[in-house]
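If you want the building blocks of each chain, they are given just below.
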Amino acid sequence: MRRGLALALLAVAAAGIWVVVRDARRGYKDDRGASVTRFPLRSRLLGRSLEEVLVAPAGGGRGRPLLVFLHGRSAPPDSQLSDSFFQALVALGAKAPNVLLANGGNHSYWHDRRDGRWGSYVLQEAIPAAVARLRADPRRVAVGGISMGGFGALDLARIAPHRFCAVGGHSAALWFQGGDTPQGAFDDAADFERHDVIARAQGHSPYRAPVWLDVGTEDPFLQADTALAKELRADGANITFHVWPGPHGSSYWHRHIDEYLRFYTRACG
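Quick caveat, the model's predicted, so the values are computed rather than measured. (Residues numbered from 1 in each chain as written. Predicted model: local features only at pLDDT ≥ 70, side-chain atom pairs only at ≥ 80, totals over all residues. Heavy atoms only, no water.)

As for the overall build of the protein chain
And then number 1: Helices and strands together make up the secondary structure of the protein chain, namely eight helices and eleven strands.
And then number 2: Rg of the C-alpha trace for the protein chain: 18 Å, near the compact-globule value of 18 Å for 269 residues, within the 12% margin.
And then number 3: For the protein chain, the spread of C-alpha atoms along the principal axes amounts to about 55 × 40 × 35 Å.
And then number 4: Within the protein chain, the proportion of its 269 residues that are buried is 54%.
And then number 5: In the protein chain, the proportion of contacts linking residues at least 24 apart, taken out of those at least 6 apart, comes to 72%. (Helix = DSSP H or I, 4+ residues; strand = E, 2+ residues; numbered from the N terminus. Rg over C-alpha atoms; globule rule 2.2 N^0.38 Å. Buried < 20%, exposed > 50% of the residue type's maximum accessible area, 1.4 Å probe, protein only. Contact = heavy atoms within 4.5 Å.)

Some details on the state of the cysteines
And then number 1: On inspection of all chains with the given rule, the structure shows one disulfide.
And then number 2: The disulfide partner of Cys-165 is Cys-268, and the gap between their sulfur atoms is 1.9 Å. Since a negative S-S torsion denotes a left-handed disulfide, the Cys-165-Cys-268 link at about 90 degrees is right-handed. Taken together, the positions of Cys-165 in the loop between helix H4 (148-159) and strand S9 (166-170) and Cys-268 in the segment after helix H8 (250-267) put the pair 103 residues apart, joining distant regions of the chain. In this pair, the class of Cys-165 matches that of Cys-268, namely buried. (Disulfide = S-S within 2.5 Å.)

Description of the nonpolar core
And then number 1: With 58 residues, the main nonpolar core has Leu-66, Tyr-121, Ile-127 and Leu-154 as its most contacted residues.
And then number 2: Residue contributions to this core peak at ten residues, all from helix H3 (residues 118-134).
And then number 3: When neighbours within four sequence positions are excluded, Leu-66 is seen to be in contact with Asn-98, Val-99, Leu-100, Ile-127, Ala-130, Val-131, Leu-134, Ala-136, Arg-140, Val-141 and Ala-142.
And then number 4: Ranked by size, the runner-up nonpolar core spans 30 residues in total, among them Leu-81, Ala-166, Trp-212 and Trp-244. (Core = buried A, V, L, I, M, F, W, Y, C linked by side-chain atoms within 4.5 Å.)

Structural notes on the packing of aromatic side chains
And then number 1: All told, the structure shown has 14 aromatic pairs when counted by the stated rule.
And then number 2: Pairing Phe-151 with Phe-186 gives two aromatic rings, centres 5.6 Å apart and planes at 85 degrees, and the pair type is edge-to-face. Here Phe-151, found in helix H4, pairs with Phe-186, found in the loop between S9 and helix H5 (189-194); they are 35 residues apart in sequence, far enough to count as distant. Each member of the pair, Phe-151 as well as Phe-186, is classed as buried.
And then number 3: Taking the centre distance of 6.1 Å and the plane angle of 85 degrees together, the rings of Trp-175 and Phe-186 count as edge-to-face. Residue Trp-175 is located in the loop between S9 and H5, and its partner Phe-186 is located in the loop between S9 and H5; the two are separated by eleven residues in the primary sequence. The pair formed by Trp-175 and Phe-186 is uniform in burial state, with each residue classed as buried. (Phe/Tyr/Trp six-rings, centres within 6.5 Å; stacked < 30°, edge-to-face > 60°.)

A look at the environment of Trp-253
And then number 1: By the secondary structure assignment, Trp-253 is in helix H8.
And then number 2: A sequence separation of 39 residues divides Trp-253 from Asp-214, and the C-alpha atoms of the two residues are 9.8 Å apart.
And then number 3: Ignoring anything within four residues of it in the chain, the contact list for Trp-253 reads Gln-80, Ile-146, Ser-147, His-170, Ser-171, His-248 and Tyr-260.

As for the pattern of salt bridges
And then number 1: Scanning all chains against the criterion turns up eleven salt bridges.
And then number 2: Residues Arg-113 and Asp-187 are paired through a salt bridge, measuring 3.2 Å at the closest nitrogen-oxygen approach. With Arg-113 in strand S6 (residues 112-113) and Asp-187 in the loop between S9 and H5, the pair connects residues that are 74 residues apart, well separated along the chain.
And then number 3: Put simply, Asp-137 and Arg-140 hold a salt bridge, and the shortest N to O gap is 3.0 Å.
And then number 4: Several salt bridges converge on common partners, so that one network encompasses Arg-38, Glu-51 and Asp-78. (Salt bridge = Lys/Arg side-chain N within 4 Å of Asp/Glu carboxyl O.)

Regarding the environment of Ser-79
And then number 1: Positionally, Ser-79 belongs in the loop between strand S4 (66-70) and helix H2 (83-91).
And then number 2: Overall, the relative accessible area of 22% leaves Ser-79 in the partly exposed class.
And then number 3: Sequence separation of Ser-79 and Ala-34 is 45 residues, and the distance between their C-alpha atoms is 16 Å.
And then number 4: Contacts of Ser-79, omitting those with residues within four sequence positions, involve His-71 and His-254.
And then number 5: Among the polar contacts listed, one links the side chain of Ser-79 to the backbone oxygen of Pro-76, at a separation of 3.1 Å. (Polar contact = N/O pair within 3.5 Å; in protein donor to acceptor, adjacent residues only side chain to side chain.)

Worth remembering: the numbers are spatial, not functional.
Okay, here's the thing in structure tokens:
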């Protein structure tokens, strides 16, 4: 039966028809009435097709704000979908946002670089496509993410400060210097300097929207995330910063997903 379905989908794709495939419910047992769909986005900026994931709360997505939530390195776009995620979403009731789980590849770090314009693709292609499909409110778009995605959210909101009503970095992958970064995170020293979030915040906050940062006590990014939070606070930014017990990993993020969603909901009204 699965083989037959796969062959049917291949035939449809070969005919040039766009297909929306309903999520296979990996990683959670109950979506609490939310609608989870996947769709292929043909990116002109990246020159490839990427699978995106959309979540519309129970009742539909028309007129709701959109949360763009960016995944971590080597993780799939839907890696943060869990029972705790859907519990947090349903708890927000009529205020619950739509969610775009964008596709950042293996280690794009969500910024324009040699192998593609990953940051521009999110801003110019993924977000407009999600708004159109969900009929979300284009004036209320938040961006956040975990680890690599936390860095990406902070960088995108720095580049396009008027685009977002809230920005969040959850265990954001930040470094003080390019030599500390893992292989593949940046093309070279110049690429790191162009996207050095901590340095760009010195003396002046690049963010117009409320900012949320949190990090675990056992997280390797604790020092760098704390430094950014202190700098933004000194700049007079509207920032919420938490250091909670825990490591760098899914157990930590799933434990706090309800706080994350409440922040984005409040900030975007």
